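Chain residues, written in single-letter form:
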Amino acid sequence: APPISACARALLDVVRANNNAATAAASARAFVVDGTTVGRVLPKSAAALGRYAIFDVSEEAVTLRGDAGATLEERSKAVTEVICDLRAEGSVPMLDGWRDEAFAVRTSFFAPPSLVVERAAAGLFGAPA
């Protein structure tokens, strides 16, 4: 193999020093909407969401309850009320980046959305933004 330049080696050292997502990933719970896992929720986010009746929180998953709404629009409205409440109380720092931009939470780029949330809240649900 060709030798690695000093710049590339320095960059690799930075990546290795910051590559600690495995710990967080191991503690993340499935985020389930309508029986489908659409994200991964970290423990602090699970605790915040667990305060609201529309979510069932267990050690394995955070599930949006069926009574939150049967349609995409109803589910999205129910979840928007929760994230607006969390934003107003200032308990979730990522919501400080609120953009008024809708973001579709889905299993893949081509899949139909399971939920539509504010883009700043996508990380709360472990949805790739």
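One can find the structure itself at the top, above this paragraph.
A. Up close: the overall build of the chain. Secondary structure assignment for the chain yields four helices and six strands. When the helices and strands of the chain are read in sequence order from the N terminus, they spell out α-α-β-β-α-β-β-α-β-β. Counting only C-alpha atoms and orienting by the principal axes, one finds that the chain spans roughly 60 × 35 × 30 Å. When burial is assessed residue by residue, the chain has 34% of its 129 residues classed as buried. If you sum the accessible surface of the chain, you get close to 7,800 Å²; carbon and sulfur atoms cover 57% of it. In the chain, which carries 13 positive and 15 negative side-chain charges, the distance between the mean positions of the two groups comes to 8 Å.

B. Just the pattern of salt bridges, in detail. Taken as a whole and judged by the stated rule, the model has five salt bridges. Residue R65 is joined to D67 by a salt bridge in which the shortest nitrogen-to-oxygen separation is 2.8 Å. For D67, a relative accessible area of 57% translates into the label exposed. Measuring nitrogen to oxygen at the nearest pair gives 3.1 Å for the salt bridge that ties E81 to K77.

C. Region of the structure containing the sheet that holds strand β3 (residues 55–57). Strand order in this open sheet of four strands is β2-β1-β4-β3, and the pairing throughout is mixed. Strand pairing shows two members of the sheet lacking a second neighbour, β2 (36–41) and β3, which therefore form its edges. Strand-to-strand, the axes of this sheet are offset by a mean angle of 25°, without reference to chain direction. Two strands pair when backbone bridges link them, and strand β1 (residues 29–33) and β2 are joined in this way by five bridges, in the antiparallel orientation. Counted as the bridge partner of V33 is T36 from β2.

D. A look at the nonpolar core. By size, the foremost hydrophobic cluster in this structure holds 30 residues, and its most contacted members are F31, L49, F55, L86 and F125. Secondary-structure elements contributing two or more residues to this core are β1, β2, α3 (43–49), β4 (61–64), α4 (72–89), β5 (102–105) and β6 (115–118). Broken down by element, the residue count for this core peaks at five residues, all from α4. Look past the residues within four positions of L86 in its chain and what remains in contact with it is A48, L49, R51, Y52, S91, V92, L95 and L124.

E. Fine view of the packing of aromatic side chains. For the coordinates displayed, the defined rule picks out four aromatic pairs. Between F31 and F55, the aromatic rings sit 6.5 Å apart at their centres with planes inclined by 45°, giving tilted as the arrangement. Taken as a pair, F31 in strand β1 and F55 in strand β3 lie far apart in primary sequence, 24 residues in all. Just as F31 is buried, F55 falls in that class too. By way of ring pairs, the aromatic residues F31, F55 and F125 are connected into one cluster.

F. Spatial organisation of the environment of A53. Along the chain, the position of A53 falls in the loop between α3 and β3. The spatial distance from the C-alpha of A53 to the C-alpha of L42 is 18 Å, given a sequence separation of 11 residues.

Conventions used here
- Residue numbering note: each chain is counted from 1, following its sequence as written.
- Two thresholds apply to this predicted model, a pLDDT of at least 70 for residue-level local features and 80 or more for giving and counting side-chain atom pairs, whereas whole-chain, interface and lining totals are computed over all residues.
- Remark: hydrogens and water are excluded; side-chain values derive from all non-hydrogen atoms of the structure.
- The helix count covers DSSP runs of H or I at least four residues long, the strand count covers runs of E at least two residues long, and both are numbered beginning at the N terminus.
- Partly exposed describes any residue whose relative accessible area lies between the buried limit of under 20% and the exposed limit of over 50%, with all areas from a 1.4 Å probe on protein chains only and scaled to the type maximum.
- Per-residue and other accessible areas follow the Shrake-Rupley method at a 1.4 Å probe size, with only the shown protein chains counted as cover for residues.
- In this charge count, Lys and Arg are treated as positive and Asp and Glu as negative; neither His nor the chain ends contribute.
- Every charge is mapped onto a representative atom, which is NZ of Lys, CZ of Arg, CG of Asp or CD of Glu.
- A pairing counts as a salt bridge when a side-chain nitrogen of Lys or Arg comes within 4 Å of a carboxyl oxygen of Asp or Glu.
- A pair of strands is treated as paired once DSSP finds two or more bridges between them.
- Lines are fitted to the C-alpha atoms to define the axes, a helix being fitted only along its stretch in contact, and any angle between axes, read from their N-to-C directions, falls within 0 to 180 degrees.
- Among buried residues, those of type Ala, Val, Leu, Ile, Met, Phe, Trp, Tyr and Cys that are joined through side-chain atoms within 4.5 Å constitute a nonpolar core.
- By definition in these notes, contact holds between two residues if any of their heavy atoms fall within 4.5 Å.
- Centre distance within 6.5 Å is the pairing criterion for rings of Phe, Tyr and Trp, where only the six-membered ring of Trp is used; planes under 30 degrees apart are then read as stacked, over 60 as edge-to-face, and the remainder as tilted.

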